Amino acid sequence: EEKTSDTLLRSLLCDLHPRVRRRVIYNKATSMEQAQTMVSFFIAEGKKMRTKPKGERVPMLVIWDSLTGQETLESQSDLDVTRKGGGYAPGRAFSAQAMTIANYYKRLCFDDALVTLAHVQHQGKSMDPDAYGDEKFIAKGGDEPRFRATYHMRALSVATDTTPDGEIRDIRLKMVKSQLGPDKKYLKVRLQW
């Protein structure tokens, strides 16, 4: 996403030892296809890692933020044309992006790669009046990533509290899908902001 940068990421890691910090890689993708190519590259590298002798293997965590975080340059230029008074606003490209993501995740295979893939998947309210529970929200980027998840957490709310040590944030999470424990359970996480 545009708000993320290499500088922001490294500032979050500033308390870590420099030896650990230099293992962090930040790559900005400008298209869905480029993001998928990057993820596939790290999975391929994770498969090669298994052939190295013990002690030289390094497991990787790949975080994809977010599955539909940026529109294509073409859709942005189309919108600029319409702002100048030339026609209509084009439809949002989420359906095409969702199809791309769904097809990619259906064929995604880790085998024995030393890679964990985590992704951020934004959601919106469902327009179905009969929706209930988790069906009240529609995940942008399609449902396939959710079905392939080892665990799927949903952030529900954030409460702020001020203490002498600084600001504290209580984040309430719901475990929608979890292979680490029961589904539909709630978890409260306290962070010093």
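Before reading on, note that the structure itself is shown above.
Calculation criteria
- Residues numbered from 1 in each chain as written.
- Predicted model: local features only at pLDDT ≥ 70, side-chain atom pairs only at ≥ 80, totals over all residues.
- Heavy atoms only, no water.
- Helix = DSSP H or I, 4+ residues; strand = E, 2+ residues; numbered from the N terminus.
- Buried < 20%, exposed > 50% of the residue type's maximum accessible area, 1.4 Å probe, protein only.
- Contact = heavy atoms within 4.5 Å.
- Salt bridge = Lys/Arg side-chain N within 4 Å of Asp/Glu carboxyl O.
- Pairing = 2+ DSSP bridges.
- Axes fitted to C-alpha atoms, helices over the stretch in contact; angles between N-to-C directions.
- Core = buried A, V, L, I, M, F, W, Y, C linked by side-chain atoms within 4.5 Å.
- Patch = residues over 30% accessible without salt bridge, like charges linked within 9 Å, V, L, I, M, F, W, Y side chains within 5 Å.
- Areas by Shrake-Rupley, 256 points an atom, 1.4 Å probe, with all protein chains shown as cover.
- Phe/Tyr/Trp six-rings, centres within 6.5 Å; stacked < 30°, edge-to-face > 60°.

(A) The overall build of the chain, seen in detail. The helix and strand inventory of the chain stands at six helices and seven strands. Scanning the chain from its N terminus toward the C terminus, one meets helices and strands in the order α-α-α-β-α-α-β-β-β-α-β-β-β. Taking all 193 residues of the chain together, 26% fall into the buried category. In the chain, the proportion of contacts linking residues at least 24 apart, taken out of those at least 6 apart, comes to 51%.

(B) Highlighting the pattern of salt bridges. Tallying each qualifying case throughout the model produces four salt bridges. In this structure, D111 and K47 form a salt bridge, with 3.5 Å as the shortest nitrogen-oxygen distance. Of this pair, D111 sits in the loop between α5 (94–107) and β2 (115–120) while K47 sits in helix α3 (residues 32–49), placing them 64 residues apart in sequence. Accessibility expressed as a relative area gives 29% for K47, which makes it partly exposed.

(C) Representation of the sheet that holds strand β7 (residues 185–192). If you walk across this open sheet you meet the three strands as β5-β6-β7, and the pairing is antiparallel. Either end of the sheet is taken by a strand with one partner, and the two such strands are β5 (151–163) and β7. Ignoring which end each strand starts from, the neighbouring axes of this sheet average 20° apart. Inspection of the sheet shows β5 paired to strand β6 (residues 166–178) by 12 bridges, in the antiparallel sense. The residue bridging D161 from the neighbouring strand is I168, located in β6.

(D) Quick peek at the pairing of β7. Little of β7 is tucked away, with zero of its eight residues classed as buried. Of the pairings in the sheet, the one linking β6 to β7 comprises eight bridges and is antiparallel in character. Bridged to M175 within β7 is K185.

(E) Expanded view of the nonpolar core. In this structure, V39, W64 and Y105 are the most contacted members of the largest nonpolar core, which totals 15 residues. Of all the secondary structure elements, the ones that give two or more residues to this core are α3, β1 (60–65), α5 and β2. If one sorts the elements of this core by residue count, α3 sits on top with five residues.

(F) Highlighting a nonpolar patch on the surface. Together, Y151, M153 and L180 give the surface a local cluster of nonpolar side chains, amounting to about 340 Å² of exposed area. Along the chain, L180 turns up in the loop between β6 and β7.

(G) Up close: unusual backbone geometry. Even without being glycine, D111 reaches a positive phi, approximately 50°. Despite not being glycine, K184 has its phi angle at roughly 60°, a positive value. Position of K184 among the secondary structure elements: in the loop between β6 and β7.

(H) Main features of the packing of aromatic side chains. For the coordinates displayed, the defined rule picks out four aromatic pairs. Measuring from ring centre to ring centre gives 5.3 Å for F41 and F42, while their planes differ by 70°; the resulting arrangement is edge-to-face. Summarising the aromatic geometry, the rings of W64 and Y105 are spaced 6.4 Å apart at their centres and angled 20° between planes, so their arrangement reads as stacked. Of the two residues, W64 sits in strand β1 while Y105 sits in helix α5, which places them 41 residues apart along the sequence. The buried category is assigned to W64, whose relative accessible area is 7%. Taking the relative accessible area as the measure of exposure, Y105 reaches 3% and is therefore buried. Among the aromatic residues, those joined into a cluster by ring pairs are W64, Y104 and Y105.

Bear in mind that shape data such as this cannot, by itself, settle questions of function.
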